[in-house]
Amino acid sequence: MPSYNILLLGSGGRECALAWKMQQSPLCEKLYIAPGNPGTEQYGTNVALSVMDFEGIKKFCLENNIDILLPGPEDPLVAGIYDSFINDPQTQHIFVAGPSKEGAQLEGSKAFAKQFMQRHRIPTAAYREFNESNFEEGIAYLKQHALPIVLKADGLAAGKGVVIAQSTDEAIESFTAMIKDAQFGDASKKVVVEEFLTGIELSVFAMTDGTDYILLPSAKDYKRIGEGDAGSNTGGMGAISPVPFADDAFMKKVIDRIVEPTVRGLRQEAITYAGFIFFGLIKVNDDPYVIEYNCRMGDPETEVVIPRLQNDLVQLLEKMMEGRMNEVTALHDPRVACTIMLVSKGYPGSYHKGIIIKGFEQVNGSMLFHAGTAKKDNEIVTSGGRVIAITSYGNSIKEALTTYYENASKIDYEGKQYRKDIGYEFI
Ligand code: AMP
Ligand code: GLY
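Residues numbered from 1 in each chain as written. Chains lettered and ligands numbered in written order. Predicted model: local features only at pLDDT ≥ 70, side-chain atom pairs only at ≥ 80, totals over all residues. Heavy atoms only, no water.

### Topic: the sheet that holds strand β11 (residues 213–215)
So, point 1. The strand order across the open sheet formed by four strands is β11-β10-β16-β17, and the pairing between neighbours is antiparallel. Of all strands in the sheet, those with a lone pairing partner are β11 and β17 (287–294), marking the two edges. When strand polarity is set aside, the average angle formed by the axes of neighbouring strands in this sheet is 35°.
So, point 2. Of the strands in this sheet, β10 (200–208), β11, β16 (275–284) and β17 touch helix α9 (residues 248–268), which is tilted by about 40° from β17. (Pairing = 2+ DSSP bridges. Helix = DSSP H or I, 4+ residues; strand = E, 2+ residues; numbered from the N terminus. Axes fitted to C-alpha atoms, helices over the stretch in contact; angles between N-to-C directions. Contact = heavy atoms within 4.5 Å.)

### Describing the sheet that holds strand β6 (residues 127–130)
So, point 1. Strand order in the open sheet formed by four strands is β6-β9-β7-β8, and the pairing between neighbours is antiparallel. Taken across any chain shown, the strands that pair with only one partner, and hence form the sheet edges, are β6 and β8 (162–165). Taking each pair of neighbouring strands and ignoring which way they run, the sheet shows an average axis angle of 20°.
So, point 2. The pairing of strand β7 (residues 149–153) with strand β9 (residues 191–195) spans five bridges and is antiparallel. Its bridge partner being in β9, Ala153 is matched across the sheet by Val191.
So, point 3. The sheet contacts of helix α7 (residues 135–144) involve β6, β7 and β9, and relative to β6 the element is tilted by about 150°.

### Quick look at the domain arrangement of the chain
So, point 1. The assigned domain composition of the chain is domain 1 (4–99), domain 2 (126–195), domain 3 (198–327) and domain 4 (336–426).
So, point 2. Computed from C-alpha coordinates alone, the two centres of domain 1 and domain 4 are separated by 25 Å.
So, point 3. Taken together, the contact pairs twelve residues of domain 1 with ten residues of domain 4.
So, point 4. The contact between domain 1 and domain 4 buries some 730 Å² in all, and 65% of this surface belongs to carbon and sulfur atoms.
So, point 5. When the area that domain 1 buries against domain 4 is broken down by residue, the three leading residues are Gly13, Trp20 and Pro38, summing to 54%.
So, point 6. Applying the counting criterion to the domain 1 and domain 4 interface returns one salt bridge.
So, point 7. Among the salt bridges present, the one from Lys375 reaches Glu41, with a minimum N-O distance of 3.3 Å.
So, point 8. There are four residue pairs in polar contact (both at pLDDT 80 or more) connecting domain 1 and domain 4.
So, point 9. Among the residues making up the side of domain 1 that touches domain 4, the classes are represented as five nonpolar, six polar and one charged. (Domains from an automatic or database assignment. Buried area = accessible area lost by both parts, 1.4 Å probe. Salt bridge = Lys/Arg side-chain N within 4 Å of Asp/Glu carboxyl O. Polar contact = N/O pair within 3.5 Å; in protein donor to acceptor, adjacent residues only side chain to side chain. Nonpolar A, V, L, I, M, F, W, Y, C, P; charged D, E, K, R; others polar.)

### Observations regarding the site of ligand 2
So, point 1. As a matter of local geometry, ligand 2 sits amid Asp221, Gly235, Phe278, Asn294, Arg296, Gly298, Asp299, Pro300 and Glu301.
So, point 2. Between a nitrogen atom of ligand 2 and a main-chain N or O atom of Gly235, the distance comes to 3.5 Å.
So, point 3. Separating an oxygen atom of ligand 2 from a side-chain N or O atom of Arg296 is a distance of 2.9 Å.
So, point 4. Within the complex, 88% of the 200 Å² of free accessible area of ligand 2 lies under protein.
So, point 5. Split by residue class, the shell around ligand 2 holds two nonpolar, three polar and four charged. (Near = heavy atom within 4 Å. Areas by Shrake-Rupley, 256 points an atom, 1.4 Å probe, with all protein chains shown as cover.)

Pasting the structure below:
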């Protein structure tokens, strides 16, 4: 049986869940995580390298005979880590489990994604694209557009580049700030203006080798800081899987109208894409629409999706590498999984770091995935806004939630906050 040395890039809860899963595989020889966190260290060896240090990553891969490089976050993919490895004779034998720079544009450029969807008739909100050269036309467009109206900086803006304007004045103000005042730097030189869709959101994930694909369990994340989905947007405060309304009939529409045309479209356009595709969807009445694509797994969705994936993840990566995704069938755990994020006080605004976390040993019946933690003098301390994801299984959302709330109360650090209503619409 072959076995692989794997380098996983990233340091969040997503990477902790991926590392937990991969180290269970008999196909995993050595697992390294760069830079990792105290959670990933339980499952492999952390390496002090930034995810954007392509030279350092290359050197490490060569010195440690890495076979598979799996980028967790989008930045290295959008910056072209795939191309940098494939175009270098020294590293082209290493499989980068992620899209080419061009493929990563599905996430890296909202305009690219919208044009792609239009070419392949994939359902999404109606839109227009504006920049400095047609700025005045954009203002006129905003003035006659129905409200609310959605403005999106074209490029990566750390999840902050979307504005849902409730008034025309607010829309014009944001539009001007993005284009004229470079509010998000180069990312907002171009702006996508789109129609507001009303519905309920969900996330669907595919693993593709560029031709065939499998679907991973669906998930729903809870992005707002406050209970009842109030307050500021965050990276995600919790997630559930499966999504109760994503039944067979709905998923058939998702597959026929969105997943298949996306994978086929990439292939038809000769866009190199072997990796994860994250479909950020919204259900409008009974129909799915694409809100966004991401070229990687979601966080905290991974913390529920991966625990419900019964396949060997390294074997799936092997099939992806060999272009044999058609040989595998995805196996989903019938149980429900829920995750909640324990966050720092002040998040998503400013917060303190370096606060000691206690109570790990008291957790029972849940899995802990470290997100923003670090080691300091042999203690685990907070080092980010999202600190720890607690994942539990159950036969129902309610049952899974009971276990995790018990465990959430056992992890203890000053300023601990978490939402107590994850999955509330479905209970
Ligand atoms: P995005 O970064 O494109 O995922 O947008 C961030 C969030 O804004 C999404 O998760 C949605 O909640 C919301 N959003 C984006 N586009 C739309 C839209 N066209 N209609 C309604 N809500 C949207
Ligand atoms: N939870 C949303 C994301 O990972 O983008």
